[in-house]
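# Report on the structure
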Amino acid sequence: MIPALQWSTLLVCALVALFRMPAALRGENRSLFGIFVLVTFAMLLSIEWSYTLVDGFLGGNNYANLVLRFVIYGTVLLAGYKIAKGFGNANSLRLLLGPVGLAVLAVIVLATTAPFLLANTAGTSVGLSTLADQSPPNRQLIALYTTAGRLYPAFVAACLLPATIKTLRSRLPGLVRGGAAVLTVGSAAMILLAISDLLPQRLAFIQYIISSAAVLGLVVGLTLIWLGKVAARRAARASSALEGSRRAPDQANARAEEL
C-alpha cells in the first residue's frame, strides 16, 4: 500500500510539473514551475530505490535524508511566499519572512542539522528506521532530527491557513476558491504530520497518508489557482475583444467625421 501511495503521488507531481513546463519556457511564473519540480524531486527522494541510489553516491551515511529535509524547507518557504503574496495576505507574509519567521527557520535548521551530525547514521536507510546503530542515545538523536524536520512545514502551513480560509469566503473565481480549499486541506495535513509520531505503532502507516495529502494538497491547490487565473485572463481578453468590436463602428464614424 505504502509504495503504491508514494508512486502515485510522485506521478501526480511529475505530471503537473510537465503540464506547467510550456508556460515556464515562455517565461510565465517560473517560480511556480520551480515549486512543482522541487516537490517532484522531494517525492522521488522519498522512494527507496532512488533514495538508495542518491545516498550511495553521497557515501551511504543518509546524507540524502538531510538533503531531502532542506529541499522540503526551501519548497514550503517558496510555496508559502507565493500563496501569501498571491492572496494578498500581508500578515502571512510578515510571519513567514519577518523576524519571527526567519528566527523559526534558523532554529529549525540548527535543530535538524545538529542531531543528524551527532548521530551515527551509517548504513543507507529510507526514513532512518533501520539504522545499524539502534542504541537509545542514537535513537533519541534520530527522533529529535525527525521531529524537527516536520516542524517547519507545519509552521508555514499555520501561517497560510488564515490566507486560504479567507479566500474561501471571497468572491474570487470558483477554481481559485477550490484551490484555496485544497491548500487548506494540505496545510492541515502538514500540521497533523508534525504530531503524527503520537500515533500508536500499529497506525504508523497513517503518517504516509497524511504526508501524501500534504504534498497533493500543495500541488493540486496551486495548480487549481493557476488554472483559475488563466481562465480569468482568457475571459477578460474575450470580454475586451467583444467590447472592442462593439465600439469599432462608432470609432470608424468618429474618424470619418474628423477627415
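This text gives an overview of the structure that appears in the document. Since this is a predicted model, take the numbers as computed values, not measurements.

Membership of the largest hydrophobic core comes to 43 residues, with the highest contact counts inside it found for Phe87, Leu218 and Leu222. Element by element, the count of residues in this core is highest for helix H9 (residues 206-258), at nine residues. If we ignore the near neighbours within four places in the chain, the residues touching leucine 222 are Leu32, Ile35, Phe36, Ile83 and Leu183. One finds Leu66, Phe116, Leu128 and Leu131 within the second-largest nonpolar core, a separate group that totals 13 residues.

Here we come to the environment of glycine 123. Here glycine 123 is to be found in the loop between helix H6 (99-118) and helix H7 (136-168). For the pair formed by glycine 123 and asparagine 62, sequence separation is 61 residues and the distance between their alpha carbons is 7.1 Å. Aside from chain neighbours lying at most four places away, what touches glycine 123 is Gly60, Asn61, Asn62 and Leu131.

Relative to the helices and strands, serine 92 is located in helix H5 (residues 90-97). In terms of polar contacts, serine 92 uses its side chain to reach the backbone carbonyl oxygen of cysteine 159, at 2.7 Å. Look past the residues within four positions of serine 92 in its chain and what remains in contact with it is Ala84, Cys159, Leu160 and Ala163.

Below, the discussion takes up H7. For H7, with 33 residues, the first-to-last C-alpha span of 47 Å sits near the 48 Å given by 1.5 Å per residue. Along H7, the largest kink reaches about 35° and is centred on leucine 160; proline proline 162 follows within four residues of it.

A word on the packing of aromatic side chains. Taken as a whole and assessed by the stated rule, the structure comprises six aromatic pairs. Measuring from centroid to centroid gives 5.5 Å for phenylalanine 19 and tryptophan 226, while their planes differ by 75°, and the two rings are edge-to-face. Of the two residues, phenylalanine 19 is situated in helix H1 (residues 2-25) and tryptophan 226 in helix H9; the sequence distance between them amounts to 207 residues. Under the relative-accessibility criterion, tryptophan 226 is labelled buried at 13%. Among the aromatic residues, ring-to-ring pairing joins Phe70, Tyr73, Tyr152 and Phe155 into one connected group.

Looking now at the pattern of salt bridges. Summed over the entire model, instances satisfying the criterion amount to two salt bridges. The partner of glutamate 28 in a salt bridge is arginine 26, and the shortest N-O contact between them spans 3.2 Å. Note that aspartate 197 and arginine 150 form a salt bridge whose closest N and O atoms lie 2.8 Å from each other. Of this pair, aspartate 197 sits in the loop between helix H8 (174-194) and H9 while arginine 150 sits in helix H7, placing them 47 residues apart in sequence. Taking relative accessible area as the criterion, aspartate 197 reaches 42% and is therefore assigned partly exposed.

What counts, and at which threshold
- Residues numbered from 1 in each chain as written.
- Predicted model: local features only at pLDDT ≥ 70, side-chain atom pairs only at ≥ 80, totals over all residues.
- Heavy atoms only, no water.
- Core = buried A, V, L, I, M, F, W, Y, C linked by side-chain atoms within 4.5 Å.
- Buried < 20%, exposed > 50% of the residue type's maximum accessible area, 1.4 Å probe, protein only.
- Helix = DSSP H or I, 4+ residues; strand = E, 2+ residues; numbered from the N terminus.
- Contact = heavy atoms within 4.5 Å.
- Polar contact = N/O pair within 3.5 Å; in protein donor to acceptor, adjacent residues only side chain to side chain.
- Expected span 1.5 Å × (residues − 1).
- Bend = angle between axes of the 7 residues up to and from the residue.
- Phe/Tyr/Trp six-rings, centres within 6.5 Å; stacked < 30°, edge-to-face > 60°.
- Salt bridge = Lys/Arg side-chain N within 4 Å of Asp/Glu carboxyl O.

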